[in-house]
Amino acid sequence: VEDIVASFHKELRYQREMLENMKLSVTHLRSQVGEEAEQTLNLSTKLQSELNSIRMEASEDHQDLKLLQQTIFTLGGCGAGAVSGSGSASASASTSIGGCTSV
């Protein structure tokens with residue numbers, strides 16, 4: 001009977017050690033997951049900021065392109081590079097000059 005009890009105690013100590021090791025592993029993994037989650041959030045925030053910056057630049061580029069197109073149209077070139085002197089300096093032309101229509 002004493003051998004059975006001693007064997008049981010030995011197994012119980014082994015199981016307790018295994019449980020403690022698992023607790024340490026879980027604690028370590030939680031720490032790693034927390035750090036990775038924080039890094040992921042920081043990266044996501046940085047990428048969102050960069051995306052917003054790119055969108056703003058694209059919007060500015062689009063406005064610049066529209067102004068350039070309107071200027072070319074206003075000068076009567078319709079993209080052909082010719083400057084005829086006809087038309088006005090207004091950038092809001094939506095009329096037809098020399099057979100071209102504003103975009």
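Residues numbered from 1 in each chain as written. Predicted model: local features only at pLDDT ≥ 70, side-chain atom pairs only at ≥ 80, totals over all residues. Heavy atoms only, no water.

Draft legend 1. Local environment of the overall build of the chain. When its secondary structure is counted, the chain shows 1 helix and 2 strands. When its helices and strands are written in sequence order, the chain yields α-β-β. Counting over 103 residues, the chain shows a buried share of 6%. Taking the contacts inside the chain whose residues are at least 6 apart along the sequence as the reference set, 15% of them involve residues at least 24 apart. Accessible surface, the chain: about 8800 Å² in total, of which carbon and sulfur atoms supply 59%. (Helix = DSSP H or I, 4+ residues; strand = E, 2+ residues; numbered from the N terminus. Buried < 20%, exposed > 50% of the residue type's maximum accessible area, 1.4 Å probe, protein only. Contact = heavy atoms within 4.5 Å. Areas by Shrake-Rupley, 256 points an atom, 1.4 Å probe, with all protein chains shown as cover.)

Draft legend 2. View of helix H1 (residues 2-74). When the terminal C-alpha atoms of H1 are compared, their 106 Å separation across 73 residues agrees well with the 108 Å that a helix rising 1.5 Å per residue should span. Phi turns positive one or two residues past the end of H1, at Gly-76, with a value near 90°. (Expected span 1.5 Å × (residues − 1).)

Draft legend 3. Just the side chain of Thr-74, in detail. If you trace the backbone, Thr-74 turns up in helix H1. Within the structure, Thr-74 has its side chain in polar contact with the backbone oxygen of Gln-70 (distance 2.7 Å). (Polar contact = N/O pair within 3.5 Å; in protein donor to acceptor, adjacent residues only side chain to side chain.)

Draft legend 4. Examining a nonpolar patch on the surface more closely. A surface patch of nonpolar side chains, amounting to about 300 Å² of accessible area, comprises Tyr-14, Met-18 and Met-22. You can see Met-22 is positioned in helix H1. (Patch = residues over 30% accessible without salt bridge, like charges linked within 9 Å, V, L, I, M, F, W, Y side chains within 5 Å. Salt bridge = Lys/Arg side-chain N within 4 Å of Asp/Glu carboxyl O.)

Draft legend 5. Spatial organisation of the confidence of the model for the chain. With 74% of its residues at a pLDDT of 70 or more, the chain has an overall mean of 82. Across the chain, the secondary-structure element scoring lowest on mean pLDDT is strand S1 (residues 96-97), at 50, and the one scoring highest is H1, at 94. With pLDDT under 50 throughout, residues 80-95 is counted as low confidence; its partners more than four residues away or in other chains account for 25 contacts. (pLDDT = per-residue confidence, 0-100.)

Draft legend 6. Local environment of a negative patch on the surface. A cluster of acidic side chains, namely Glu-57, Glu-60, Asp-61 and Asp-64, defines a negative patch on the protein surface. Relative to the helices and strands, Glu-60 resides in helix H1. Using a relative accessible area of 46% as the deciding quantity, one classes Glu-60 as partly exposed. (Lys, Arg positive; Asp, Glu negative; His and termini not counted. Charge placed at Lys NZ, Arg CZ, Asp CG, Glu CD.)

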